[in-house]
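# Breakdown of the fold
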Amino acid sequence: MQQYYKIGLAAQKQGLPRHFCLSLHSLSTSNCMWQKLGHFILRFRVALLIALLVLTAAMGYLASKVELSYEFTRAIPLDNPKYQAYQNFRKQFGEDGNLLVLGIQTDQFFTLPTFQAYRKLQNELKTIDGVEDIISVPAAMALYKDTITERLKARPVFADTLTTQTALDSAALVFEQLPFYKGLLYNPETRVYLMGVRINKELMNSKQRVGVVNRIEQAADTFGATTSLTVHKSGLPYIRTKVAVMIQEEMRFFLLASVILSALILLLFFRSLSAMLLSMVVVGIGVIWSVGTLQLFGFKISLLTALIPPLVVVIGIPNCIYFLNKFHVAWNKTGNKQDSLVQMIDKMGIVTLFCNVAAAIGFAVFALTSSQILKEFGLVAGINIMALFFISLIFIPAVLSFLPPPKTRHTRYLENAWLNKGLARLEKWSLHHRPFIYGITTAIFVFAIAGLFKLKSEAFIVDDLPASNKVYTDLRFFETHFKGVMPLEIVVDTRKKQGVIRNLRNLEGIDSLSRFIAQIPNMARPLSIAEGLKFARQAFFEGDSASYLLPSAYDLPALSQYLSFKDSTQTNNSLAKLVGSFMDSTKSQARISVSMADIGSYRLPGLLDTIQQQAEQIFNKDSIEALTADASTRQAALAENQNWGKRTHQIELTGSSVTFLEGSRFIISGLKDSIFWAFLLISLCMLYLFRSLRILLCSLIPNIIPLIITAGTMGWAGVPLKPSTVLVFSVALGIAIDVTIRFLVNYKQELPHHHHNPFTTVIQTIYSTGISIIYTSLVLIAGFVIFCFSDFGGTKALGWLTSLTLVVATLTNLILLPALLLTLGKERKKQ
């Protein structure tokens, strides 16, 4: 104990913090432990390898059972009011996001060949398992008044027996006199026609939907080839299915690409096939464990969790490089393989442990968020990054003990003239140009801070797809001609049984709100029970399109006896199902369905607030007036009506568009919180490791600056904050801090060998860790650059933004960190 006290005292005389120097005791003690662990691993290497193999086989079996996720609202916590409102809506009215739409643009639609081919497509789609209903022009129904039965009855506009152009022209004239379908099934100005295919909601959340969507797509493409028309496809079922398939394909590509690229880099560095294969087996085991962990916890592959296997490869390779590099350095010194392996574990065990802990924290903090999809990603990634440490610690020394010792060509990279020349330049800068380093860093930092003020948060449902992708272009097609296909649902709860149809004021309010919404750009004409009643009134007045109006108080008594057309013998038609779906079973709640454009999370909240305020003004006008009325007015109104001022209607905006917005908010908020927790937890780890607030500050500065520069670059480049881009910061912090830990731990290990002189120790640390840091950084940067080839904008951004962060972090840790250590030592020495 007296020996370590003298070490600490001598180091303090050199200007180093007392706690930092006294931590040499803990490091020396831990080295003894790691030496014992090294001997233990080599002694029981066979048993440990067998155990590792058995565990990998078990995880491989689990990995073979993992499935893709098809859920759309998993980003929202289950107790969130918006999520619960959406689930209540689905129970009352069914699924809102299960309509796949097909669209064609032609002025020859009502020519007999085209129309018959379109009808044939409709009939073919009906035969596909999972397709519940189809709404289209050939399936359009017209209402007519049966004076004998005093009922409104539905009949097809286009008869099945239609075989001549004359008959088709006559039916087309009838169809064009039905305003109900205008803007719903066709756009008369642009001659675009829409077919809606409703898919079973249970099938929507299963892997079977891929086959259903593919068969629909094949049928549509066959129709397109036959008629020489382009068939545009969209709707949430189509978008979600295509994105899920792309995720699966990209997961395979990135996994393979990351493995191949890492293998080539390792082969180039070490010039050893055995070292390359050894590293590949380590990350291969890590990948198997990561996918098996998903199944073990009952998770499925999502857009986020699909990134874990490639990330395991990218993060696992540095472990292998550092272990192999230290083994080669020790071999050059000792020439004894057994001693070299023990030294490798002794020197790199604690370093790699804390590096993996820091990286795991960078991912695991996502598990602290409220978002289920982030919880899954953080938990699985954090666990498997720690698992990588144990896999590397056991597998690498155990296998190396069976292999022949390294040859001269395998360690030649340690004498790389180009890299050593670069490290000499870094040494010169750190020793003699610190003011210049601080000045340049400050200037870049200020420029990045200016970019931060340009950052904005915005996400779109399909913004991760490139503008050239057909899913994206087809969505824009429907937004141009039908103002969009993204569903927004408005539920008006009258809080009274039969309240929707027994109070004309409620029907007028629904119609008024619908007309208000129809005037908003990027929102289609809403569908509601009011539109059904207008259709019925038109039929009651002999089909006159001028009569397509909401029934008045004078119309309803005469019309009421005809309004049970849904109960007639012709109930099995799309119109009856469509109109009947806009009220619940008690007729106390009415549903207003709107299709809208994908306007993004920045504009959507304001739009929803506008609609909410208008709805409250229409249905709860008294309660709004009560908020601003004076005491005498309130008293007089209450005397006349004791319910005055109370909210008589509950208005709820829900649907997939709302849950998407809420999910984006939760993910972005959760990711921002995760950055804070990552900093806090990593700081505690650094504080425990170095026992010095000054060294903690010194270690965090080189890692905060790269994050600020990346955020500033996003601001200047116009890259918005969204779930995929906010992910960069926690991930990059967890990985970049590895370099700092390796540098500072090596610095602390070298201090006793250089009489606790910070200047000579910094120089030695630059040379002893610089090569492995550069090699590791190149592997990490190359690994993340692979993501730039993604078809998803978010994954692409993750690639280049993380690569940028790692490049800057490597420079700050090899240039700024040594300068800070020397400045710290100099200042303390002056004191």
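The written sequence of each chain sets the order in which its residues are numbered from 1. Local features in a predicted model are, by the rule used here, given only for residues with pLDDT of at least 70; side-chain atom pairs are given and counted only at 80 or more, and totals for whole chains, interfaces and linings are based on all residues. Each side-chain value is derived from all of the structure's non-hydrogen atoms; neither hydrogens nor water enter the calculation.

The numbering of helices and of strands both runs from the N terminus, where a helix is a DSSP run of H or I of at least 4 residues and a strand a run of E of at least 2. In terms of regular secondary structure, the protein chain is built from 28 helices and ten strands. Residues classed as buried in the protein chain amount to 58% of the 831 residues present. Working rule for contacts: check all heavy atoms of both residues, and any pair within 4.5 Å makes them a contact. A separation threshold of at least 6 residues defines the contact pool for the protein chain, and within that pool the share at least 24 residues apart is 79%. When the accessible area of the protein chain is evaluated, it comes to approximately 35,100 Å², of which 59% is carbon and sulfur surface. Only protein chains enter the area calculation, which uses a 1.4 Å probe; residues under 20% of their type maximum are buried, those over 50% are exposed, and those in between are partly exposed. Only the protein chains shown count as cover for residues, with accessible areas throughout obtained via the Shrake-Rupley method and a probe of 1.4 Å.

At their nearest, the axes of helix H9 (residues 236-270) and helix H27 (residues 758-785) sit 10 Å apart, and the two run at 160 degrees to each other. When the axis of H9 is compared with that of H27, the two are roughly antiparallel. Of the two possible hands of crossing, H9 and H27 adopt the one that is right-handed. The segment H9 lies against H27, with Leu261, Ser262, Ile265 and Phe269 engaging Tyr775, Leu778, Val779, Ala782 and Gly783. Residue polarity follows a fixed list, in which Ala, Val, Leu, Ile, Met, Phe, Trp, Tyr, Cys and Pro are nonpolar, Asp, Glu, Lys and Arg are charged, and the others, Gly among them, are polar. A class-by-class count of the residues in the contact of H9 with H27 yields seven nonpolar, two polar and no charged. Only C-alpha atoms enter the line fits that serve as axes; for helices the fit covers just the stretch in contact. Angles between N-to-C directions range over 0 to 180 degrees. Here roughly perpendicular refers to angles of 65 to 115 degrees, roughly parallel to angles under 35, roughly antiparallel to angles over 145, and oblique to all remaining angles. Working rule for handedness: look at the near helix, and if it is turned counterclockwise from the far one by less than a right angle, call the crossing left-handed; if clockwise, right-handed.

The subject of this paragraph is the pattern of salt bridges. Pairs can form between side chains of opposite charge once their charged atoms are near each other. Within this document, salt bridges are pairs made up of a side-chain nitrogen of Lys or Arg and a carboxyl oxygen of Asp or Glu, the two lying within 4 Å of each other. One pass over the full model with this rule turns up eleven salt bridges. Of the charged contacts, one joins Lys470 and Asp474 as a salt bridge, the two residues approaching to 2.7 Å between their closest N and O atoms. Pair noted here: Lys470 and Asp474 are both in helix H16 (residues 470-482), with a separation of four residues, about one helical turn. We classify Asp474 as buried; its relative accessible area is 2%. The partner of Arg591 in a salt bridge is Glu489, with the nearest N and O atoms 2.9 Å apart. Taken together, the residues span a long stretch of sequence, with Arg591 in strand S9 (residues 589-596) and Glu489 in strand S8 (residues 486-493) at a distance of 102 residues.

Before going further, it helps to spend a moment on the sheet that holds S9. In spatial order, the strands read S9-S8-S10; together these three strands make up an open sheet with antiparallel pairing. In the strand order of this sheet, the two ends are held by S9 and strand S10 (650-654), each with one partner. For this sheet, the mean angle separating the axes of adjacent strands, direction not counted, is 15 degrees. Inspection of the sheet shows S8 paired to S9 by eight bridges, in the antiparallel sense. Looking at S9, one finds that Glu489 is bridged to Ser593. Running at roughly 95 degrees to S10, helix H4 (residues 81-93) makes contact with S8, S9 and S10 of the sheet. We call two strands paired when DSSP finds no fewer than two bridges between them.

Each Phe, Tyr or Trp ring (for Trp, its six-membered ring) is paired with any other whose centre lies within 6.5 Å, and the angle between the two planes then decides the class: stacked below 30 degrees, edge-to-face above 60, tilted in between. For the structure shown, the criterion picks out 31 aromatic pairs. Centre to centre, the rings of Phe366 and Phe377 are 5.6 Å apart; their planes meet at 35 degrees, and the pair counts as tilted. Of this pair, Phe366 sits in the loop between helix H12 (337-364) and helix H13 (372-402) while Phe377 sits in helix H13; the two residues are eleven residues apart in sequence, bridging distant segments of the chain. Here Phe366 and Phe377 have matching classes, each one buried. The interplanar angle of 90 degrees and the centroid separation of 5.4 Å between the aromatic rings of Phe477 and Phe478 together place this pair among those described as edge-to-face. One exposure class covers both Phe477 and Phe478, and it is buried.

Moving on, we come to the environment of Leu687. Relative to the helices and strands, Leu687 resides in helix H24 (residues 656-690). Between the alpha carbons of Leu687 and Ser699 there is a distance of 9.9 Å; along the sequence they are twelve residues apart. Beyond its immediate stretch of four places on either side in the chain, Leu687 contacts Ser692, Leu693 and Leu696.

Turning next to a positive patch on the surface. Patch members must show over 30% relative accessible area and no salt bridge, and they are joined within 9 Å when carrying like charges or within 5 Å when they are nonpolar side chains of Val, Leu, Ile, Met, Phe, Trp or Tyr. The positive count covers Lys and Arg only, the negative count covers Asp and Glu only, and His and the chain ends enter neither. One atom stands in for each charge, and that atom is NZ of Lys, CZ of Arg, CG of Asp or CD of Glu. A grouping of Arg271, Lys407, Arg409 and Arg412 is seen on the molecular surface, where their side chains present a positively charged patch. Locating Arg409 in the fold gives a position in the loop between H13 and helix H14 (417-432).

With that settled, consider the side chain of Asp493. Tracing the backbone through its elements, the reader meets Asp493 in strand S8. With no salt bridge to any partner, buried Asp493 finds its closest opposite charge in Arg495, at an N-O distance of 5.2 Å. Residues adjacent in sequence count toward polar contacts only when both atoms are side-chain atoms; beyond that, a polar contact is any pair of N or O atoms within 3.5 Å, and within protein one must be able to donate a hydrogen and the other to accept it. Here the side chain of Asp493 touches Arg495 through a polar contact of 2.9 Å, landing on its backbone nitrogen.

Here the focus is unusual backbone geometry. Leaving glycine aside, a negative phi is the common case for residues, and trans is the common case for peptide bonds. The residue Lys483 is not glycine, and still its phi comes out positive at about 65 degrees. Along the chain, Lys483 falls in the loop between H16 and S8. The backbone phi angle of Lys587 is positive, close to 60 degrees, even though this residue is not glycine. Its location among the elements puts Lys587 in the loop between helix H20 (574-580) and S9.

Structurally, the position occupied by Asn506 is in helix H17 (residues 504-518). Sequence separation of Asn506 and His649 is 143 residues, and the distance between their C-alpha atoms is 9.5 Å. Discounting chain neighbours no more than four positions away, the residues touching Asn506 are Thr494, Gly499, Val500, Phe619 and His649. Polar contacts involving the side chain of Asn506 include one to the main-chain carbonyl oxygen of Gly499, which spans 2.7 Å.

On to the confidence of the model for the protein chain, then. Confidence of the predictor at the level of single residues is captured by pLDDT, which takes values from 0 to 100. When pLDDT is averaged along the protein chain, the result is 81, and 88% of the positions lie at 70 or above. Within the protein chain, the lowest mean pLDDT, 44, falls on helix H1 (residues 2-13), and the highest, 95, falls on helix H5 (residues 112-126).

This part takes up a nonpolar patch on the surface. A cluster of nonpolar residues, Leu368, Phe676, Trp677, Leu680, Leu681 and Leu684, forms a patch on the protein surface that exposes about 550 Å² of accessible area. Along the polypeptide, Leu681 turns up in helix H24. Its relative accessible area of 31% is what places Leu681 among the partly exposed residues.

Soluble globular proteins: nonpolar side chains tend toward being buried together. In terms of nonpolar packing, the biggest core is built from 264 residues, with Phe110, Leu125, Phe158, Tyr181 and Ile611 touching the most fellow members. Dropping the residues within four chain positions of it, Ile611 is found in contact with Leu488, Ile490, Leu513, Phe516, Ile517, Ile520, Met523 and Leu653. Definition used in this section: a nonpolar core is a set of buried Ala, Val, Leu, Ile, Met, Phe, Trp, Tyr and Cys residues joined via side-chain atoms within 4.5 Å.

Counted at 1.5 Å a residue, the expected span for helix H10 (residues 273-296) with its 24 residues is 34 Å, and the 34 Å between its end C-alpha atoms agrees. Just past H10, the residue Gly298 takes up positive phi, approximately 80 degrees. To estimate the expected span of a helix, subtract one from its residue number and multiply by 1.5 Å.

Once that is clear, we can look at helix H8 (residues 208-227). For H8, which comprises 20 residues, the first-to-last C-alpha distance of 29 Å matches the rise-based estimate of 28 Å (1.5 Å per residue) to within 8%. When H8 is considered as a whole, its buried residues turn out to be Arg209, Val210, Val212, Val213, Ile216, Glu217, Ala219, Ala220, Phe223, Gly224 and Thr227. Two residues or fewer past H8, Ser228 is found with a positive phi of approximately 60 degrees.

In this structure, Ile239 sits in helix H9. Distance from Ile239 to Val471, taken between C-alpha atoms, is 6.6 Å for residues 232 residues apart in sequence. Not counting chain neighbours up to four residues away, the residues in contact with Ile239 comprise Ser234, Val462, Val471, Leu475 and Met486.

In this section: the pairing of strand S1 (residues 99-105). Taken across its seven residues, S1 has five buried, putting it largely inside the fold. Alignment of S1 against strand S6 (residues 192-199), held across seven bridges, turns out to be antiparallel. Residue pairing for S6: Leu100 is matched across the bridge by Val197. Here three bridges tie S1 to strand S7 (residues 232-234), and the two strands are oriented antiparallel to one another. For Leu102, the partnering residue across the bridge sits in S7 and is Lys233.

Interaxial distance between H17 and helix H21 (residues 604-619) falls to 10 Å at its minimum, and their mutual angle equals 155 degrees. In this view, H17 runs roughly antiparallel relative to H21, as classed from their interaxial angle. Crossing geometry of H17 relative to H21 is assigned as right-handed. Seen from H17, the contacting residues are Asn506, Gly509, Ile510, Ser512, Leu513, Phe516 and Ile517; seen from H21, they are Thr610, Ile611, Gln614, Ala615, Ile618 and Phe619.

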